[in-house]
Amino acid sequence: VKTPLYTAQGEPDYLLNVSEDITAKTKMEKQIRETGEKNSLLVENAREGILILEDGKVIYANKAACKVLGYEAQEEIVRKKFLDFVASDHQIIAQEKYDAVVSQLQGAGDPAQMHFVKNTGASIELEMTAMVSKYLGRKIVIVFLRDVTASNKMLREIRAEKVFHHGKGLAR
């Protein structure tokens, strides 16, 4: 800031120059920007589906969340209610889980398996983990989704096979 100082007669006498070293501020801003870019890169390329909810509605979905739910683009998911993606037989459980996470109840962040519905209408089994956080002063819920459909199917087949073979052994 440059400000002229005048004599009692109104003539310019001095030029007052005030400056501030902004090197540290500029460096911090660069670090914040780079950290944000790294975090964005990590979240966007995570194998796990990540949704950010506010008041029960999706405000963000990463690529993996779109893929697991059968959507092409994030815009197709954003602004929809989270429960719109949950199968009707698991909506009460999902709502209770969401409420527990928002209230930060003990064990609320533990993984839970639920049935979800893909864009095509097909059912999918997902393991859901959630946590509450703050973003720009607002309370949000971060949801992590992992597809467990194939592994659960395999476990059911193994159990059925054991029951079948165990039953054969008793019949002899």
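Here the structure is a predicted model, which means the values were calculated and not measured. (Residues numbered from 1 in each chain as written. Predicted model: local features only at pLDDT ≥ 70, side-chain atom pairs only at ≥ 80, totals over all residues. Heavy atoms only, no water.)

## A few points about the layout of surface pockets
By volume, the largest pocket is sized at about 250 Å³. Lining the largest pocket we find Ser 40, Val 43, Ile 50, Ile 52, Ile 59, Tyr 60, Tyr 135, Ile 140, Ile 142 and Phe 144. Elements that contribute at least two residues to the lining of the largest pocket include exactly α1 (23–44), β3 (49–54), β4 (57–61) and β7 (138–147). Among the elements that line the lining of the largest pocket, the one with the most residues is β7, at three residues. (1 Å grid on protein atoms, 1.4 Å probe; cavity = no way out; pocket = protein on both sides within 12 Å on 5 of 7 lines; lining within 4 Å. Points joined across faces, edges and corners; volume = space filled by probe spheres on them. Helix = DSSP H or I, 4+ residues; strand = E, 2+ residues; numbered from the N terminus.)

## Some words on the sheet that holds strand β5 (residues 112–117)
The strands that make up a sheet are held in pairs by hydrogen bonds between backbone atoms, and each pair lies either parallel or antiparallel. Read from one edge of the open sheet, five strands run β4-β3-β7-β6-β5, paired in antiparallel fashion. Edge positions in the sheet fall to β4 and β5, since each of these pairs with one other strand and no more. Adjacent strand axes in the sheet meet at a mean angle of 40°, parallel and antiparallel pairs treated alike. In the sheet, β3 pairs with β7 via five bridges, with the strands oriented antiparallel. Counterpart to Gly 49 in the pairing with β7 is Leu 145. Across the sheet, helix α3 (residues 91–102) touches β3, β5, β6 (123–135) and β7, and the angle it forms with β6 is around 20°. (Pairing = 2+ DSSP bridges. Axes fitted to C-alpha atoms, helices over the stretch in contact; angles between N-to-C directions. Contact = heavy atoms within 4.5 Å.)

## Considerations on the packing of aromatic side chains
By convention here, two paired aromatic rings are described through the distance between centres and the angle between planes. One pass over the structure, following the stated rule, counts two aromatic pairs. When the centroid spacing of 5.8 Å and the interplanar angle of 85° are considered together, the rings of Tyr 71 and Phe 85 count as edge-to-face. You can see Tyr 71 sitting in the loop between α2 (63–68) and α3 and its partner Phe 85 sitting in the loop between α2 and α3, a full 14 residues away along the chain. Classification of Phe 85 as buried rests on a relative accessible area of 2%. (Phe/Tyr/Trp six-rings, centres within 6.5 Å; stacked < 30°, edge-to-face > 60°. Buried < 20%, exposed > 50% of the residue type's maximum accessible area, 1.4 Å probe, protein only.)

## Remarks on the pairing of β4
Pairing of β3 with β4 involves four bridges; the strand directions are antiparallel. The residue of β4 that forms the bridge with Leu 51 is Ala 61.

## As for the nonpolar core
Leu 51, Ile 77, Phe 82, Phe 116 and Val 143 are the most contacted members of the largest nonpolar core, which totals 29 residues. Looking at this core, the elements that each hand over two or more residues are β3, β4, α2, α3, β5, β6 and β7. For this core, the element with the most residues is β6, which contributes five residues. Residues within four places of Ile 77 in sequence aside, it is in contact with Leu 51, Val 58, Ala 61, Ala 65, Cys 66, Leu 69, Tyr 71 and Phe 85. (Core = buried A, V, L, I, M, F, W, Y, C linked by side-chain atoms within 4.5 Å.)

## Quick notes on the environment of Val 58
Mapped onto the elements, Val 58 comes out in strand β4. Spatially, the C-alpha atoms of Val 58 and Ile 22 are 39 Å apart, while their sequence positions differ by 36 residues.

## A word on the side chain of Lys 97
Among the structural elements, Lys 97 can be located in helix α3. No salt bridge is formed by the buried Lys 97, whose closest oppositely charged neighbour, Asp 110, lies at an N-O distance of 6.3 Å. Beyond its immediate sequence surroundings of up to four residues, Lys 97 is in contact with Gly 107, Ala 108, Gly 109, Asp 110, Pro 111, Ala 112, Met 114 and Met 128. (Lys, Arg positive; Asp, Glu negative; His and termini not counted. Salt bridge = Lys/Arg side-chain N within 4 Å of Asp/Glu carboxyl O.)

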